[in-house]
Amino acid sequence: MLNPSHRLITLLLATAAAGVATAQSLSQVTVYPTAVEGGRRAVLSVVLDSPAPRGGITVELASSDTSVATVPASVTIPHRHFEAEVTVHTTSVATATPVTLTATLGATDMDATLTVGPLELAGVAVDPSTIPGGKTATGFVELDGPAPSGGWVVALSSDNAAAQVPATVTVEAGRSMARFSIPTSEVTAEQDATITATDPNGIQQNAGLAVVPLMISRFDVVPDTVPGGKNAQGLIAINEPAPSGGIVVTLASSDPSTTVPASVTIAEGSNHARFQITTTAVTTDPSGNQLTADLTVEPVKLVLLAIQPNFVRGGHSTQAMVFLDGPAPEGGYVITLSSANSVATVPASVTVAAGERTATFTITTTPVTHRTTVTITATDPNQVAATAKLIVH
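Reading guide: rules and limits
- Residues numbered from 1 in each chain as written.
- Predicted model: local features only at pLDDT ≥ 70, side-chain atom pairs only at ≥ 80, totals over all residues.
- Heavy atoms only, no water.
- Helix = DSSP H or I, 4+ residues; strand = E, 2+ residues; numbered from the N terminus.
- Buried < 20%, exposed > 50% of the residue type's maximum accessible area, 1.4 Å probe, protein only.
- Contact = heavy atoms within 4.5 Å.
- Areas by Shrake-Rupley, 256 points an atom, 1.4 Å probe, with all protein chains shown as cover.
- Core = buried A, V, L, I, M, F, W, Y, C linked by side-chain atoms within 4.5 Å.
- Salt bridge = Lys/Arg side-chain N within 4 Å of Asp/Glu carboxyl O.
- Pairing = 2+ DSSP bridges.
- Axes fitted to C-alpha atoms, helices over the stretch in contact; angles between N-to-C directions.
- pLDDT = per-residue confidence, 0-100.

(A) Up close: the overall build of the protein. Tallying secondary structure elements over the protein gives 1 helix and 34 strands in all. Looking at the protein as a whole, 38% of its 393 residues qualify as buried. Counting only contacts in the protein whose residues sit at least 6 apart along the sequence, the fraction spanning at least 24 positions is 59%. Looking at the protein as shown, the accessible area adds up to about 20800 Å², and 52% of this sits on carbon and sulfur atoms.

(B) Main features of the nonpolar core. Formed by 28 residues in total, the largest nonpolar core has its most connected members in Leu-44, Val-59, Leu-61 and Leu-114. Of all the elements in the fold, those that place two or more residues in this core are strand S1 (26–32), strand S3 (41–48), strand S4 (57–63), strand S6 (74–77), strand S7 (83–90), strand S8 (97–105) and strand S9 (108–117). Of all hydrophobic cores here, the second largest spans 27 residues; its members include Leu-305, Ala-320, Val-343 and Val-374.

(C) Geometry of the pattern of salt bridges. Enumeration according to the criterion identifies 2 salt bridges in this entry. Between Glu-37 and Arg-40 there is a salt bridge; the shortest N-O distance is 3.4 Å. Across the pair Arg-175 and Glu-172 runs a salt bridge whose closest N-O atoms are separated by 3.5 Å.

(D) Structural detail: the sheet that holds strand S32 (residues 358–365). Strand order in the open sheet made by the 4 strands is S26-S28-S32-S30, with antiparallel pairing throughout. Across the chains shown, the open sheet's two edge strands, defined by having one partner strand only, are strand S26 (302–308) and strand S30 (344–345).

(E) Main features of the sheet that holds strand S17 (residues 204–212). If you trace the 5 strands from one edge of the open sheet to the other, you get S11-S17-S16-S13-S14, paired in mixed fashion. Since the sheet does not close on itself, it has two edges, and those belong to strand S11 (130–132) and strand S14 (168–171), each with one partner. On average, adjacent strands in this sheet sit at an angle of 30 degrees to one another, irrespective of strand direction. By the bridge criterion, 4 bridges tie strand S13 (residues 152–158) to strand S16 (residues 191–198) in an arrangement that is antiparallel. Pairing of Ser-158 across the sheet is with Ile-195, part of S16.

(F) The arrangement of the environment of Val-222 in detail. Relative to the elements of secondary structure, Val-222 occurs in strand S18 (residues 216–222). Taking the C-alpha atoms as reference points, Val-222 and Gln-233, 11 residues apart in sequence, are found 5.4 Å from one another. Setting aside chain neighbours within four positions, we find Val-222 in contact with Ala-232 and Gln-233.

(G) Quick look at the confidence of the model for the protein. On average, residues of the protein score 85 in pLDDT, and 90% of them reach the 70 mark or higher. The least confident element of the protein is helix H1 (residues 4–23), whose mean pLDDT is 48; the most confident is S4, at 97. Note on residues 11–22: pLDDT under 50 across the span, and 0 contacts to partners over four residues away in sequence or across chains. Note that residues 283–292 has pLDDT below 50 and, in this model, 18 contacts with residues that lie over four places away or in other chains.

(H) Summary view of the environment of Pro-243. Tracing the chain through its elements places Pro-243 in the loop between strand S20 (231–238) and strand S21 (247–250). Separated by 26 residues in sequence, Pro-243 and Gly-269 have C-alpha atoms that sit 6.4 Å apart. Sequence-distant contacts of Pro-243, defined by excluding residues within four places in its chain, comprise Leu-214 and Glu-268.

What follows is the structure in structure tokens.
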């Protein structure tokens, strides 16, 4: 049998424990985010004003509209914890619907409001955004959440007959994106089409598509500078692989010294072709060259004058040679010669024969009383000069 003092202590402890239980209350109830599209989830947080007692504490939960948002019947906050969270499940709605979520502990309760909105069209895209007529592009519609049971139908339209779209595209249940084909028609000039997607709630999104004709996208000449008589190569490319049977591209040159084939064929399935560019030797710079890819046909020019040997006794002769950077044109190429000192005499000119690159001439000298250095100069028709030194002793 307990003595009176023990009974008093037991009574005080029981009273204190009861006071703690009675004093426990809610501090805060929140939902995050506060607005979601139907079908998405939110999180409800329940917070106490002090740690939960031994064994935890259970908080009752409720939703004001279980057809739109649901929560568990209750949540237990563990011993010594302040907070617990639960998932809020939502369903698709036609219009924005506020739902009150209530947490109850004892005789007190607290509310949080979650607004469940309708699913919306987030965007529409087209890939590629520029396409040759006759090819098919791909369109995409994207929702801001998963489609509800039965899918979600999005209406489609195009403002240009050069790009056709289906009347609708359906985003399957649980998915947020769907694709559709956009066949195009062949065009002779660029056509710009606006593709419009409209969701069941009237939300619209647009994307642009440029339909272009099959056209030349690149024209190069390699190398772009050649000596007359040398050949170059042309490369022509189109913006899409050639259709069945290939495609013929007409070629022309604005200068008679440069010739190209009348046409070149880009084979079926390929997007480029190469062709030969033939040049002839010229003695003056061509003018009025209007090639889309510039090709400069340079005249043959003098590049070197050599004397061998370049050290001779006065009264003896030596040989010299002129060099061109390409074959001489028809009729030959005349190089003017001069000497800076009468000790060494050169012809007035030397001619490089047609198709040749070099020509030789003789330098005669007179006796001298001391070593003399003479400069010999060769000059071509375009005033390109080359010099060499001859030592007469």
